[in-house]
Amino acid sequence: MTETVSCAVSISGLSKVFNAGKPNEVRALEDIDLAIDEGTFVSLIGPSGCGKSTLLRLIGALTHPTAGEVCVNDKSADQARLDRDYGMAFQTSGLFKWRSVTENIELPLQLMGWSKQERKDRAAEMLDLVKLSEFADHYPREMSGGMRQRVAIARALSFRPSLLLMDEPFGALDEMTREHMQTEVLDIWKKTEKTIVFVTHSIPEAVFLSERVIVMSPRPGRIAADIPVDLGERVFETREAPEFFECITEVREALRFEGNAG
Amino acid sequence: MTTREEAAQAIKKLERAAAWKRTMRRVVIFVVFIILLAVAYTGYKAFGQAVDDAQTQWPVIGRVLPRTDDLTMPPIRDIVAEFGQPPQRNNSKPLAAFIAEASLFTLREATLGFVFGVALGLGIAIIMLRSRWLERGMSPYLVASQTVPLVAIAPIIVIWGSNNLGWLPFEWTSWMSVSLIATYLTFFPVAMNGTKGLQSADPASIELMRSYAASRRQTLVRLQLPASVPYLFAAFKIAATAAIVGAIVGEISGGVKGGLGRLILDFASRYTTGPSRLYATVIGAAVLGIFAVGAVTTAEYIVLSKRKEEPLSL
Ligand SMILES: Nc1ncnc2c1ncn2[C@@H]1O[C@H](COP(=O)(O)OP(=O)(O)O)[C@@H](O)[C@H]1O
Ligand SMILES: [Mg+2]
């Protein structure tokens, strides 16, 4: 890529407090500054409850900051949402069980007023991308967890949003399916050149997938470390390379440091 | 053909066979139930008559339990035969034809009432979904509306309908008032279950719709309404019987001619000269109810099996 890299996400002084002033007040995030370049694959990692999902939801304008700002593609997060800049995938695929695989992928397109033919073509293209063309007319309950996640990713990408937000999308999958899905998602990332923000609590997953791992500390959630990962092209052997383990160690150290401090 | 397609087809075949088997089992259970009912009826009657014949003056039958003479409990073969008998002296039309005509008349009232009731119930459910505050405010009144005795409001509705709806572009006839009475019973289960169904949409799915910047209407139409379908069908089954009961009671208390209600009223007033006529008509009403529920259940099966869902058990 030769064009100037602009900021896909830019966060400054961001804090989020739930139930402010009440006895059950939670300071979920405090003073977060983060800039994510366009086209980057970034992972957010941290212990459960440290505010990873909250941060992702703030980027996606599904909730609003207590203080600070979130800019996406040089707009407010809310405007970006209205402009349909986001594709989202969560831990549960969230497919509509009354819709076939194709109809599920067509959902966002239908909401955006695409014609039937355009929808059909795009859905077929997306199914091809996630290698599920044979299952076009199946229903979610006829599919495995991994397949459903792939459909959810296809749905998130169907309208070509510039930013893909994923919250532990492979958290409920078994180890083998998980590794397979990681390869797939990298493949998709390479083909589509999206900016991806990926929440996970698995260190190897974060390291294998991303160019950058953001380590978060719990209560209140802060950025504890920002670790660049330079492993080149990911192949099967990457998972066995010494550099891979060095990165894993680095992330683990960052997390351990936080564990001791907190 | 690939092996996968073959496997999929084999599975579909098995599923269809299983569904057929389930339906057949239900039919068999139903028939057996009817036979058992007839046997119990006849058995009790024979037992009562034997007690009578023995002149024991056993005080239970005729005091606590119903009497078993032919006036109170006409023999089943009389009831069955009654369907073929003309109920009017100067008319050779058999009772079955009267019941069939009256059933159609009542079914028309009930169907219209059902459709209105479903529309009204869904409307209320959507309003209640929009605002927790309205839901809390309206629910007690909805419940209270169902405790008002139908026999009291039926004549009011019939009189109101014939006096105040003259401005409508079509002629308001009294059977339409009966439909309104059926509506009154129908909307309630639809409103209640509909609210529950609309709220059953997964919060994560609601967020997903938000991430697509979907409008409230789109969220309703694409997510909340489809999610409520199993709940709605459960309500439709209750509403279908309620519509028919409402129509029959409405005819009786509103004094509307032409339907099962009037037929029941007529035969009840001439009970001593032909008890089995009333029995036969009541059986006709039951058949109509079963037909209505059967129609809804069939629609439910078709819709849900397309979505690979099980009906919601009541
Ligand atoms: N809607 C909410 N209301 C109150 N507290 C919340 C809400 N959402 C998250 N929290 C709290 O904020 C903290 C961070 O949550 P979350 O972002 O889900 O963490 P993570 O995804 O890292 O596990 C947790 O302590 C959680 O209980
Ligand atoms: Mg989370």
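This one's a predicted model, so the numbers in the text were calculated from it and none came from an experiment.

*Asks:* I'm lost on the overall build of chain A in this one. Help?
*Replies:* Per the secondary structure count, chain A includes eight helices and 10 strands. For chain A, with 262 residues in total, the buried portion stands at 53%. Long-range contacts, defined as pairs at least 24 residues apart, comprise 70% of the intrachain contacts of chain A with a sequence gap of at least 6. In the form shown here, chain A has an accessible surface area of approximately 11,900 Å², with 49% of it arising from carbon and sulfur atoms. Distance between charge centres in chain A, computed from 31 positive and 41 negative side chains, equals 8 Å.

*Asks:* Before we go on, may I ask you to explain the overall build of chain B in this structure?
*Replies:* When its secondary structure is counted, chain B shows 10 helices and zero strands. Counting from the amino terminus, chain B carries its helices and strands in the arrangement α-α-α-α-α-α-α-α-α-α. Taking 20 Å as the expected radius of gyration for a compact globule of 314 residues, we find that chain B reaches 25 Å, considerably beyond that expectation. Projected onto its principal axes, the C-alpha coordinates of chain B cover approximately 80 × 65 × 40 Å. Taken over 314 residues, chain B has a buried fraction of 39%. For chain B, the accessible surface area stands at approximately 17,900 Å², while carbon and sulfur atoms represent 67% of it.

*Asks:* Got a minute to help me understand the sheet that holds strand β4 (residues 67–72) of chain A in this structure?
*Replies:* Paired through backbone hydrogen bonds, the strands of a sheet run either parallel or antiparallel to each other. All names here are of chain A. On the basis of which strands lie adjacent, the open sheet formed by four strands has the order β2-β1-β4-β5 and antiparallel pairing. Lying at the two open borders of the sheet, with one neighbouring strand each, are β2 (26–37) and β5 (75–76). Against the sheet, helix α1 (residues 52–59) engages β1 (7–18), β2 and β4, with an angle of about 125° to β1.

*Asks:* How should the packing of aromatic side chains be read in this particular structure?
*Replies:* Note on aromatic pairs: each is described by the distance of the centres and the angle between the planes. Residues and elements named next belong to chain B. With the rule as written, the count across this model stands at 12 aromatic pairs over all chains. Look at Phe-114 and Phe-236: their rings are 5.8 Å apart centre to centre, the planes differ by 70°, and that puts the pair in the edge-to-face class. Highlighted residues: Phe-114 in helix α3 (residues 95–130) and Phe-236 in helix α8 (residues 216–254), separated in sequence by 122 residues. Of the two residues, Phe-114 and Phe-236, both sit in the buried class. Note that Lys-93 overlies the ring of Phe-98, its terminal NZ or CZ placed 4.6 Å from the centroid.

*Asks:* Would you mind going over the state of the cysteines with me for this structure?
*Replies:* Working definition: the covalent bond between the sulfur atoms of two cysteines is a disulfide. Counting across every chain of the model gives zero disulfides over all chains. Of all cysteine sulfurs in the structure, the one in A:Cys247 sits closest to A:Cys50, which takes part in no disulfide; the separation is 20 Å.

*Asks:* I tried to follow the site of ligand 1 on my own but got confused; where do I start?
*Replies:* Residue and element names in this part refer to chain A. Near ligand 1, the surroundings consist of Phe-18, Asn-19, Val-26, Ala-28, Ser-48, Gly-49, Cys-50, Gly-51, Lys-52, Ser-53, Thr-54 and Arg-219. Cys-50 is positioned with one of its backbone polar atoms (N or O) 3.3 Å from an oxygen atom of ligand 1. One of the backbone nitrogen or oxygen atoms of Lys-52 is found 2.9 Å away from an oxygen atom of ligand 1. Within the complex, 64% of the 560 Å² of free accessible area of ligand 1 lies under protein. If you list the elements that add at least two residues to the shell around ligand 1, you get β2 and α1. Element by element, the count of residues in the shell around ligand 1 is highest for α1, at three residues.

*Asks:* Would you explain the domain arrangement of chain B in this entry?
*Replies:* Reports of interface size often rely on the accessible area that becomes lost once the parts have come together. All names here are of chain B. For chain B, the domain assignment lists domain 1 (3–73) and domain 2 (95–306). Listed per partner, the contact involves eight residues of domain 1 and seven residues of domain 2. Both faces considered, domain 1 and domain 2 share a buried interface measuring about 480 Å² in area, 62% of it formed by carbon and sulfur atoms. Taken as a group, Phe-30, Leu-71 and Thr-72 account for 63% of the area that domain 1 buries against domain 2, more than any other trio of residues on that side. Where domain 1 packs against domain 2, one counts zero salt bridges. When its residues are assigned to classes, the side of domain 1 that touches domain 2 shows five nonpolar, one polar and two charged.

*Asks:* It is not clear to me how a nonpolar patch on the surface should be interpreted in this structure. Could you clarify?
*Replies:* All names here are of chain B. Residues Trp-20, Met-24, Val-27, Phe-30, Val-31, Phe-33, Ile-34, Ile-35, Leu-37, Val-39 and Ile-290 make up a contiguous nonpolar surface patch of about 1,100 Å² in total accessible area. If you tally residues by element for the nonpolar patch, the top one is helix α1 (residues 3–53), at 10 residues. Tracing the sequence through the fold places Leu-37 in helix α1.

*Asks:* Any chance you could explain the side chain of A:Thr238 here in plain terms?
*Replies:* Among the structural elements, A:Thr238 can be located in the loop between β10 (222–228) and α8 (242–261). Apart from residues no more than four positions distant in its own chain, A:Thr238 is found in contact with A:Phe208, A:Leu231, A:Glu233 and A:Phe244.

*Asks:* I'm lost on the interface of chain B and chain A in this one. Help?
*Replies:* Across the contact, 20 residues belong to chain B and 27 residues belong to chain A. Sorting the residues of chain B by area buried against chain A places B:Arg210, B:Tyr212 and B:Arg222 first, and these three jointly supply 28% of that buried surface. Between chain B and chain A we count one salt bridge in total. Across the contact surface, chain B and chain A share eight residue pairs in polar contact (both at pLDDT 80 or more). The set of elements that each furnish at least two residues to the side of chain B that touches chain A consists of α7 (203–211) and α8 of chain B. Examining the composition of the side of chain B that touches chain A, we find that seven residues originate from one element, α7(B), more than from any other. Grouping the amino acids of the side of chain B that touches chain A by side-chain chemistry returns nine nonpolar, three polar and eight charged.

*Asks:* It is not clear to me how the packing of helix α9 (residues 260–269) of chain B against helix α10 (residues 275–306) of chain B should be interpreted in this structure. Could you clarify?
*Replies:* For any two helices packed against each other, the geometry is given by the interaxial angle and the distance between the axes. Residues and elements named next belong to chain B. Between α9 and α10, the least distance of the axes is 9 Å, while the angle of their chain directions is 160°. The angle between the axes of α9 and α10 places the two elements in the roughly antiparallel class. Seen along the crossing, α9 lies across α10 with a hand that is left-handed. Between α9 and α10, the residues in contact are Leu-260, Leu-263, Ile-264, Phe-267 and Ala-268 and Arg-277, Leu-278, Thr-281, Ala-285 and Leu-288, respectively. By residue class, the composition of the contact of α9 with α10 is eight nonpolar, one polar and one charged.

*Asks:* Can you walk me through the side chain of B:Ser276 in this structure?
*Replies:* All names here are of chain B. Note that Ser-276 resides in helix α10. Ser-276 sits in the buried class, given a relative accessible area of 7%. Residue contacts for Ser-276: discarding those within four places in its chain leaves Pro-74, Asp-78, Ile-79 and Glu-82.

*Asks:* In this structure, what is going on with the pairing of strand β6 (residues 86–89) of chain A? I would like to understand it.
*Replies:* Along any regular strand, the residues point their side chains to alternate faces of the sheet. Residues and elements named next belong to chain A. Every second residue of β6 is oriented toward a common face, with Tyr-86 and Met-88 on one face and Gly-87 and Ala-89 on the other, all of them buried. Relative to strand β7 (residues 163–167), β6 runs parallel, the two sharing four bridges. What sits directly across from Gly-87, in β7, is Leu-164.

Rules and cut-offs
Residues numbered from 1 in each chain as written. Chains lettered and ligands numbered in written order. Predicted model: local features only at pLDDT ≥ 70, side-chain atom pairs only at ≥ 80, totals over all residues. Heavy atoms only, no water. Helix = DSSP H or I, 4+ residues; strand = E, 2+ residues; numbered from the N terminus. Buried < 20%, exposed > 50% of the residue type's maximum accessible area, 1.4 Å probe, protein only. Contact = heavy atoms within 4.5 Å. Areas by Shrake-Rupley, 256 points an atom, 1.4 Å probe, with all protein chains shown as cover. Lys, Arg positive; Asp, Glu negative; His and termini not counted. Charge placed at Lys NZ, Arg CZ, Asp CG, Glu CD. Rg over C-alpha atoms; globule rule 2.2 N^0.38 Å. Pairing = 2+ DSSP bridges. Axes fitted to C-alpha atoms, helices over the stretch in contact; angles between N-to-C directions. Phe/Tyr/Trp six-rings, centres within 6.5 Å; stacked < 30°, edge-to-face > 60°. Lys NZ or Arg CZ within 6 Å of the ring centre and 35° of its normal. Disulfide = S-S within 2.5 Å. Near = heavy atom within 4 Å. Polar contact = N/O pair within 3.5 Å; in protein donor to acceptor, adjacent residues only side chain to side chain. Domains from an automatic or database assignment. Buried area = accessible area lost by both parts, 1.4 Å probe. Salt bridge = Lys/Arg side-chain N within 4 Å of Asp/Glu carboxyl O. Nonpolar A, V, L, I, M, F, W, Y, C, P; charged D, E, K, R; others polar. Patch = residues over 30% accessible without salt bridge, like charges linked within 9 Å, V, L, I, M, F, W, Y side chains within 5 Å. Parallel < 35°, antiparallel > 145°, perpendicular 65-115°, else oblique. Left-handed = near helix turned anticlockwise from the far one by under 90°.

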